[in-house]
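Each chain is listed here by its residues.
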Amino acid sequence: MFAVDILCIGKLKEEYLRAACGEYQKRIGGFAKLTVTELPEARLPDSPSPAQIEAALQKEGQAILAKVPAGRLLIPLCIEGKQMDSPQLAKTLSQAGISGKSGACFVIGGSFGLSDQVKRQGELKLSMSRMTFPHQLARVMLLEQIYRAFQIQAGGKYHK
């Protein structure tokens, strides 16, 4: 079975976001083995300097890369990434399986984004939009799009 891993910096705080994620996680379970791993956000002062932010991103990046399962298509989410529609995401996931990947590993950074090291190691940088979204909301949106991608692959009626 195809595996989908989502590595996230930080925990979901709001119950409504946890409920939405839980619903999509349940739905995806019929198509793939899904694992969501929350990694701790680096502690920063209220007004961090650019150097402090960079050090935090590096620390988080090392933790992320240590958790990426072998054989996965690594897909960091970042604003400078490629934008694609839902059918393109479905095709990307399908092609990953055909090309011998055991699954896909999506990475959602914290409020300051992702380290350059994580972005460079990604095989596909993905942007949800040119707009900026809270990283907690991005998790809900990503799970919904993964579910939609599997529905498209299966010829389901969810995607219209």
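Residues numbered from 1 in each chain as written. Predicted model: local features only at pLDDT ≥ 70, side-chain atom pairs only at ≥ 80, totals over all residues. Heavy atoms only, no water.

With that out of the way, let us pick up the pairing of strand β3 (residues 72-82). The buried fraction of β3 amounts to eight of the 11 residues, a majority that puts the element mostly inside the structure. One ladder, built from five bridges, connects β3 with strand β4 (residues 103-108); its direction is parallel. Residue pairing for β4: Ile-75 is matched across the bridge by Phe-106. (Buried < 20%, exposed > 50% of the residue type's maximum accessible area, 1.4 Å probe, protein only. Helix = DSSP H or I, 4+ residues; strand = E, 2+ residues; numbered from the N terminus. Pairing = 2+ DSSP bridges.)

We now examine the nonpolar core. Core analysis: the largest hydrophobic core is formed by 32 residues, its most contacted members being Val-4, Ile-6, Ile-28, Phe-106 and Ile-146. At the level of secondary structure, the elements contributing two or more residues to this core comprise β1 (3-9), α1 (15-28), β3, α3 (86-98), β4 and α5 (135-154). In contact with Val-4, not counting residues within four places along its chain, are Ala-32, Lys-33, Leu-34, Thr-35, Ala-104, Phe-106, Ile-146 and Phe-150. One finds Leu-7, Leu-39, Ile-64 and Leu-65 within the second-largest nonpolar core, a separate group that totals 10 residues. (Core = buried A, V, L, I, M, F, W, Y, C linked by side-chain atoms within 4.5 Å. Contact = heavy atoms within 4.5 Å.)

A separate point is the sheet that holds strand β2 (residues 33-39). In space, the four strands of this open sheet follow the order β2-β1-β4-β3, with parallel pairing throughout. Lying at the two open borders of the sheet, with one neighbouring strand each, are β2 and β3. For this sheet, the mean inter-axis angle between neighbouring strands, taken without regard to orientation, is 20°. (Axes fitted to C-alpha atoms, helices over the stretch in contact; angles between N-to-C directions.)

As a further point, take the pairing of β2. As paired elements, β1 and β2 share seven bridges and run parallel to each other. For Leu-7, the partnering residue across the bridge sits in β2 and is Thr-37. Of the crossover connections in this fold, the one passing from β1 over α1 to the parallel β2 is right-handed. (Right-handed = clockwise from strand over helix to strand, strands pointing away.)

A few words now on α5. Taking 1.5 Å of rise per residue, the 20 residues of α5 would be expected to cover 28 Å, and the 29 Å separating its terminal C-alpha atoms lies within 8% of that figure. In terms of burial, α5 is a largely internal element, 14 of the 20 residues being buried. Downstream of α5 by one or two residues, Gly-155 has phi in the positive range, about 75°. (Expected span 1.5 Å × (residues − 1).)

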